Each structure stands twice: as C-alpha cells, then as structure tokens.
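Architecture and fold: a report
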Amino acid sequence: MAAPTTDVTAIDGDRVDPSLLADLRRHHATGVTRTLDWRLGQLSALERMLDEREDEIVAALDADLGRAGFDAWLGDVASTKGEATFARKNLKKWMKRQRQSMPLAQLPARGWVQYEPLGVVLVIGPWNYPVYLTLGPLVAAIAAGNCAVLKPSEMAPASSALLARIVPQYLDTKAFRVVEGAAQTTQDLLALGFDHAVFTGGTEVGKKIMAAAAPTLTPVTLELGGKSPVYVAADADVDVAARRIAWTKLLNSGQTCIAPDYVLADPSVVDSLVEKIRATIAEFRADKTEPTVPIVNARQFERLASYIEATSGRVVLGGGVDRANERIEPTIVLDPGPGDAVMENEIFGPILPVLTVDSPEAAIAFVNARPKPLASYVFTSSKALAQRMIDSIPSGGAVVNHIAMHCLVPSLPFGGVGASGMGAYHGRWGFEALSHRKAVLAKPAKPDLSLIYPPYSDRAVKLLRRML
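Since we're looking at a predicted model, the values are computed, not measured. In every chain, residue numbers begin from 1 and rise along the written sequence. Since the coordinates come from a predicted model, pLDDT governs what is reported: local features require at least 70, and pairs of side-chain atoms require 80 or more to be given and counted, while whole-chain, interface and lining totals use all residues. Each side-chain value is derived from all of the structure's non-hydrogen atoms; neither hydrogens nor water enter the calculation.

**So, the side chain of Lys151**
Mapped onto the fold, Lys151 is located in strand 4 (residues 147-151). Engagement of the side chain of Lys151 in a polar contact is seen with the side chain of Glu154, the distance being 3.2 Å. Contact definition: two residues touch when any of their heavy atoms are within 4.5 Å. Look past the residues within four positions of Lys151 in its chain and what remains in contact with it is Leu122, Val123, Ile124, Gly125, Val179, Gly181, Ala182, Thr185, Thr186 and Leu189. By the criteria applied, helices consist of DSSP H or I runs no shorter than four residues and strands consist of E runs no shorter than two, each listed in order from the N terminus. Nitrogen and oxygen atoms within 3.5 Å of one another constitute a polar contact, given that in protein one can donate a hydrogen and the other can accept it, and given that sequence-neighbouring residues count only through two side-chain atoms.

This is how it looks when you write it as structure tokens:
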C-alpha cells in the first residue's frame, strides 16, 4: 500500500477509517451535491484537471504499464475528458423530471419520474486503464449528484498515487475521497455499506466483489471481461479488418477488456487475413527497437507465456518471451484447439488466436457455446449478415466493421451481460445507473369520490371493477 497522505483516507496499513462513509453521508445530507451548479462545477474541474495534469498522467501510465504518448492520451485522458464534457453539456436535460401519462381511472392527477442521487458511491478501479476506468464512473457519480470514494488499483501504483494527490486539488474534498490500498482495503470499504459500488476487473474478482457487497445489500455495477470474438466474413474488406484488428490488439499490449480476444475467419479469407495482420503489426511497430511489448507484472506474464507454450495451434507470428523484463512478442496462433488454455481463458495480452470457421452459423455456434462476451465484432459488407450476427450473439456490446470504438461513444451504454458483467454506464446511462428513479403521483384533494371507500355496496363494487 502507498504511504497515506493528508489526501488519502486510510489507516492501519490496509484498514479503512470507519468514519469515512459517515463523513461523506453528512456532507451529502447538506444537499449541496444535488444542485445543478455544483455538478457542473465539479465536471468542469475534472476536465481542467485532465488538461492541466496530462503530462503527469501520461508519465504515471508509462511507469505502470509502459504506455505513453498518443496511446496514453487516447486510452485514459481523451476518453475520460470526453465523458466529462458530454455529461456537462447534457446534464441539465437529464435532470429534468419526466412527465408520465395517467390512466383514466387516476384522473385528475399528475405523474412523473424524478432522478435523485443515491448518496455515496464506491468506485473500484482496475490497473489496465487506471485513470479512465476510475474517473469515468466518477463522472457518472458527479452527474447524478453523489459523493464518492475512489479506490484505484494497487497494481498501477504510480497512477494510484497520482490520483490520490491531484483529485483533492481539483474536486470537492468533502464529497470525494481517494483511498489507496490492496485487496483488504477493497473488502473493508465494501463492508461499510455504500449506496452503490462500481467495479471494473476480471470475472473471478467480480464474484468476490458481489459476495462482499451482499451483506450490506450494496447494489453493484460490474464491468468484467470475457473472450470478445471477431468474425471476418468472406465479403469483408480484409485490409481494413487486418488494420483494425492489429491496432486494437496492440493497444496497451492487449491488456484491454474489449480487445479482440480471438478471430473466427471464413476459409476463403483466413490466409490473407493472417498475412495482412502480420504485415500490419510489422508496419505499426516499425519504429520500435524492441520486438516485445510490456506486461503489467510477473503473474500476468507467466500466465500469458504458458498459453503460448501449451497451445496446439501453429504460432505464425511472434511467440518469443523475455522473462527477465516481463515482455512478450505480439503473437498470432493459427487454429488452436478449442480446449487450449488460450481459448478457454480471457487472454488479456498480445496473443491473437485465429480460427477457421466454415460459415456464419458455425461462428455463431462457436461463440454461443461459451460465456457471453463483453463485446462482439463482425467485419462484413452485408448489412443483413451484420444484423444477423448482432442478433444471434448475446454480448455486452457489438461493433460492425471496427473494434472497441463503442466504448468511446458517451451516448451508448457500456456494460456486460452474464459473465461479462451487469449494469451499464457512460453518458445518460451512467447518470441513471447512479440515480434513484423516484415515481411521484400528485392528486388534488377534490374530487373525493365516496364510492372508493368502504363499506362497499354491490353497485360500488361493479363500478370500481370497471374503473380500476
């Protein structure tokens, strides 16, 4: 655990200050976070922080993940700022009460839904995009008028320490706290009983988060993972597919929850596709002196190296590992066995299995025999085939002729289904996820029909059964 500072609320090593939640609840009870002006001010401050501290954010990402320059800006800075800007521009509209029509039997009456803050939200961030996936949910919490605790990942220590230092310099310190620590800190926070918890991470840890939230009945949004498939049809633009698959697979060394996990390709294009992906990776990495890419830590490195060593498929690109520096070459494995570890587990690294499938129906059957993925992708020039693939494969999200870009669209909900997660956020969806939708019915004192009250005559019962 990083050493606590005055900006970090944690005591006794991994133990959490038990007064933390009570302090935030008292501030929330003042009503200050409910106002439009406060919410807009906090979102603007968050945008300013991303602008003014961009260099420090990029440096922290480089230290934690070896990800700097454009990739760091796109993955963590631009993406977060895009969420904050979109929310700020649309928040006034989102906050308006939503009038609802009334059944004839309830007239005269007015009905509406109004959005109220849940209270205090816990955000548990991951290590792979430690700024975006910690501050992105915070945007939703701010928009909904909540206070929040941020728990960055201890596996990205430089980013965690940076957030602990700069967040209090820009945002309301009475409403937002950053708590650093390891797994026990997360458990201690969940035991406090927040009004909602947002977790981004792996499926197995997601189960532990849900179990820890259950005793206090804390609702959870779980953004998990899964093996996001790509289908490349016979009529696809193979050049475009190869470029987009290679680009998104290389981002963050493949350590992206919506990265292309494996490719299913029509027999007529599989050889061309593999060759073009190979050539594209070489082109994209032409300025690199090192053939390998960094992996976050030794445990993840050993897991990925074992996938390459154990596969029954043919390694047609890469396959090399650098144990001393925990780096792996971008690797393509052609036609691994469905039971190989590389096909049984989410890869989360720079390894790309490519399998030949005879038809779209075979691709659909292959994907649907496995847990529901966080995203699914299809490359085809046929709108009908694209729609058939989207309709036939349950997944958190889907993209046609590209990969992962839906995550950067604030007007689309982002979330999983089944083993890939529950709940969604981004844009209005995040505002609603972290708000209580209160149903309100307002009726006048008059008329006050006597037949609604007991004792009921036979005639009154007949009329009421007709009316109600």
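**Considerations on the sheet that holds strand 12 (residues 321-322)**
On the basis of which strands lie adjacent, the open sheet formed by 3 strands has the order 10-13-12 and antiparallel pairing. Each having just a single partner strand, strand 10 (293-294) and strand 12 make up the two edges of the open sheet. Relative to strand 13 (residues 327-328), strand 10 is paired through 2 bridges, and the arrangement is antiparallel. When the bridges of strand 13 are listed, Val293 appears paired with Ile328. The criterion for strand pairing is that DSSP finds at least two bridges linking the strands in question.

**Section: unusual backbone geometry**
Cis rather than trans, the peptide bond between Leu107 and Pro108 has omega equal to -5°. For Pro108, the location among the structural elements is in the loop between strand 1 (98-100) and strand 2 (110-117). Positive phi outside glycine occurs at Asn401, with the angle close to 60°. Relative to the helices and strands, Asn401 resides in the loop between strand 17 (397-400) and strand 18 (414-415). Throughout, exposure labels follow a simple rule: accessible area from a 1.4 Å probe, protein chains only, divided by the maximum for the residue type, with under 20% read as buried, over 50% as exposed, and the rest as partly exposed. Taking the relative accessible area as the measure of exposure, Asn401 reaches 28% and is therefore partly exposed.

**What to know about the sheet that holds strand 6 (residues 196-200)**
With respect to topology, 6 strands assemble into an open sheet ordered 5-4-3-6-7-19, the strand pairing being mixed. Each edge of the sheet is formed by a strand with only one pairing partner; in this case those strands are strand 5 (176-178) and strand 19 (421-422). Strand direction decides the pairing type here: strand 3 (residues 120-124) and strand 4, joined by 5 bridges, are parallel. When the bridges of strand 4 are listed, Val121 appears paired with Ala148.

**Brief notes about the UniProt feature "active site" (unreviewed entry) in the protein chain**
UniProt positions are given in the numbering used here, feature names are shortened, and annotations may be inferred rather than shown by experiment. Under the present numbering, the feature "active site" (unreviewed entry) in UniProt falls on Glu223. On the secondary structure map, Glu223 appears in strand 7 (residues 220-223). Not counting residues up to four positions away in its chain, the partners in contact with Glu223 are Phe199, Thr200, Gly201, Phe414, Gly415, Gly416, Ser420, Gly423, Ala424 and Tyr425.

**Observations regarding the pairing of strand 16 (residues 375-379)**
In terms of burial, strand 16 is largely enclosed, as 5 of its 5 residues are buried. Taking every second residue as pointing to the same face, both faces of strand 16 are buried, with Ala375, Tyr377 and Phe379 on one and Ser376 and Val378 on the other. In this sheet, strand 16 lies alongside strand 8 (residues 229-232) in parallel orientation, the contact comprising 3 bridges. Note that in strand 16 the partner of Val232 across the bridge is Phe379.

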